[in-house]
Amino acid sequence: MANDVCEVFSINAEKVDAVRQRINEISGVEQLFKALADATRLKITRTSAGSPLL
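Residues numbered from 1 in each chain as written. Predicted model: local features only at pLDDT ≥ 70, side-chain atom pairs only at ≥ 80, totals over all residues. Heavy atoms only, no water.

1. Overview of the overall build of the protein
Counting secondary structure elements, the protein contains three helices and zero strands. Reading the helices (α) and strands (β) of the protein from amino to carboxyl end gives α-α-α. For the protein, the residues scored as buried account for 0% of the 54 residues in total. Taken as a whole, the protein presents about 5,700 Å² of accessible surface, with 59% of it coming from carbon and sulfur. (Helix = DSSP H or I, 4+ residues; strand = E, 2+ residues; numbered from the N terminus. Buried < 20%, exposed > 50% of the residue type's maximum accessible area, 1.4 Å probe, protein only. Areas by Shrake-Rupley, 256 points an atom, 1.4 Å probe, with all protein chains shown as cover.)

2. Description of the packing of helix α2 (residues 29-37) against helix α3 (residues 39-48)
Interhelical geometry of α2 versus α3 gives an angle of 100° and a closest axis separation of 5 Å. One element, α2, and the other, α3, form an angle in the roughly perpendicular class. The residues of α3 that touch α2, namely those facing K34, A35, L36 and A37, are A39, R41, L42 and T45. Of the residues that constitute the contact of α2 with α3, the class distribution is five nonpolar, one polar and two charged. (Axes fitted to C-alpha atoms, helices over the stretch in contact; angles between N-to-C directions. Parallel < 35°, antiparallel > 145°, perpendicular 65-115°, else oblique. Contact = heavy atoms within 4.5 Å. Nonpolar A, V, L, I, M, F, W, Y, C, P; charged D, E, K, R; others polar.)

What follows is the structure, given as structure tokens:
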């Protein structure tokens, strides 16, 4: 059983296109997560989220 391999190679072009679109839509989110990964930045963002700008 360790050598069981599917002999059929199949690509669903519609699903691939849908996934590519989603990846492009969320690509900007990466920068947000990088910014919030820093503890100090996250604390500042969390603290100021409910406060009006000065």
